[in-house]
Amino acid sequence: MRLTKFEHAALLLEESGKKLYIDPGSFTSPLTDTANTVAVVVTHEHADHWTPEQLKRVVDMNSDVPIFAPEGVARAATDFDVTVVHAGDTVEAGPFTLRFFGGKHALIHESIPVVDNLGVLVNDELYYAGDSFVIPEGVELDALAVPAAAPWMKVAEAMDYVLATKPKRSFPTHEMLLSRAGKDLSNARIAWATEQNGGEFFALEPGDTLDL
């Protein structure tokens, strides 16, 4: 399975010629070449993780593609046929097995409502928790997408998250709010945390790939 990192929170997984998109949002360049997509996962309803325009770019080339997401996304994306999933669910889409965890977005501030959010484990290899630090209990992680910066987190939390999950490989995501200097700082901290348990950190930039 090949991972391609896009800007901010968006990921593309490819296996046996089929594609899975995760969280193509407003900070991500317009998707292209979306043919052969067998599923889209949207972890939660915030615009930096999905937009109608990005979903349309997939649906226009794959009319029956399932969009898996929590209830909050289904309420927000009324122009799309969203298949609601919950923590504990497992679904199959082409060569991809998707397992969902969590349920709620991390707290931003007490004045801001907490929305639905699901983490997703793809083919028991890659885990991405959306906007949360939910740990998939009982899972040995081959690869972990680690949030690098957001209004709901600080870098110490990302480091503790990596130390707790012990991934064999990690890479940064959710970093469009950072300057180059900020990316370098977060990368160094995440790399340190990954290496404490013998893992390897990959400082992926938009367009970079990683074979899982």
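Residues numbered from 1 in each chain as written. Predicted model: local features only at pLDDT ≥ 70, side-chain atom pairs only at ≥ 80, totals over all residues. Heavy atoms only, no water.

A. Geometry of the overall build of the protein chain. In terms of regular secondary structure, the protein chain is built from four helices and 14 strands. The globule rule puts the C-alpha radius of gyration for 212 residues at 17 Å, and the 16 Å found for the protein chain is close to it. Summarising its shape, the C-alpha atoms of the protein chain cover approximately 45 × 45 × 35 Å along the three principal directions. For the protein chain, the proportion of its 212 residues judged to be buried stands at 53%. Within the protein chain, counting contacts between residues at least 6 apart in sequence, those at least 24 apart form 56% of the total. Accessible surface computed for the protein chain: about 9,100 Å², of which carbon and sulfur atoms make up 50%. Charged side chains of the protein chain number 16 positive and 32 negative; the gap between the two group centres comes to 3 Å. (Helix = DSSP H or I, 4+ residues; strand = E, 2+ residues; numbered from the N terminus. Rg over C-alpha atoms; globule rule 2.2 N^0.38 Å. Buried < 20%, exposed > 50% of the residue type's maximum accessible area, 1.4 Å probe, protein only. Contact = heavy atoms within 4.5 Å. Areas by Shrake-Rupley, 256 points an atom, 1.4 Å probe, with all protein chains shown as cover. Lys, Arg positive; Asp, Glu negative; His and termini not counted. Charge placed at Lys NZ, Arg CZ, Asp CG, Glu CD.)

B. Broad picture of the sheet that holds strand E1 (residues 2-5). Here we have seven strands laid out as an open sheet, ordered E6-E5-E4-E3-E2-E1-E14, and mixed in their pairing. In the strand order of this sheet, the two ends are held by strand E6 (82-84) and strand E14 (209-211), each with one partner. Neighbour-to-neighbour, the strand axes of this sheet turn through a mean angle of 20°, independent of strand direction. Pairing of strand E5 (residues 67-69) with E6 involves three bridges; the strand directions are parallel. (Pairing = 2+ DSSP bridges. Axes fitted to C-alpha atoms, helices over the stretch in contact; angles between N-to-C directions.)

C. Molecular detail of the sheet that holds strand E8 (residues 96-104). Read across the open sheet, the seven strands follow the order E7-E8-E9-E10-E11-E12-E13; overall the sheet is mixed. Looking at which strands have only one partner, the edges of the open sheet turn out to be strand E7 (90-93) and strand E13 (200-201). Sheet topology places strand E9 (residues 116-122) next to strand E10 (residues 126-128); three bridges connect them, and they run antiparallel. Of the residues in E10, the one forming a bridge with Val120 is Tyr128. Contacts from helix H3 (residues 155-165) reach E10 and strand E11 (143-147) within the one sheet, and its direction differs from that of E11 by about 165°.

D. Expanded view of the environment of Pro24. Here Pro24 is to be found in the loop between strand E3 (18-22) and strand E4 (37-41). Residues Pro24 and Glu7, 17 residues apart in the sequence, show an inter-C-alpha distance of 8.8 Å. Those residues within four positions of Pro24 in sequence are excluded, and the remaining contacts are Ala10, Leu31, Val40, His49, Trp50, Thr51 and Gln54.

E. Representation of the side chain of Thr194 within the structure. Among the structural elements, Thr194 can be located in helix H4 (residues 180-195). What makes Thr194 buried here is its relative accessible area of 1%. Looking at Thr194, its side chain comes within polar contact range of the side chain of Ser170, at 2.7 Å. (Polar contact = N/O pair within 3.5 Å; in protein donor to acceptor, adjacent residues only side chain to side chain.)

F. Geometry of the side chain of Asp142. Assignment of secondary structure puts Asp142 in the loop between E10 and E11. Not counting the four nearest positions on each side in its chain, Asp142 is found in contact with Glu125, Lys168, Arg169 and Leu212.

G. Highlighting the packing of aromatic side chains. Evaluation of the coordinates by the stated rule reveals four aromatic pairs. Taken together, Phe133, Trp152 and Tyr161 form an aromatic cluster joined through their ring pairs. (Phe/Tyr/Trp six-rings, centres within 6.5 Å; stacked < 30°, edge-to-face > 60°.)

H. Molecular detail of the pairing of E1. As paired elements, E1 and strand E2 (residues 11-15) share four bridges and run antiparallel to each other. Looking at the pairing, Lys5 lines up with Leu11 of E2. The hairpin formed by E1 and E2 contains five residues between the paired strands, and His8 there has a positive phi angle of roughly 60°.

I. Local environment of the environment of Phe201. Relative to the elements of secondary structure, Phe201 occurs in strand E13. Phe201 sits 34 residues away from Pro167 along the chain, and the two C-alpha atoms are 9.3 Å apart. Leaving out residues up to four positions away in the same chain, Phe201 has contacts with Ser170, Phe171, Pro172, Asn187, Ile190, Ala191 and Thr194.

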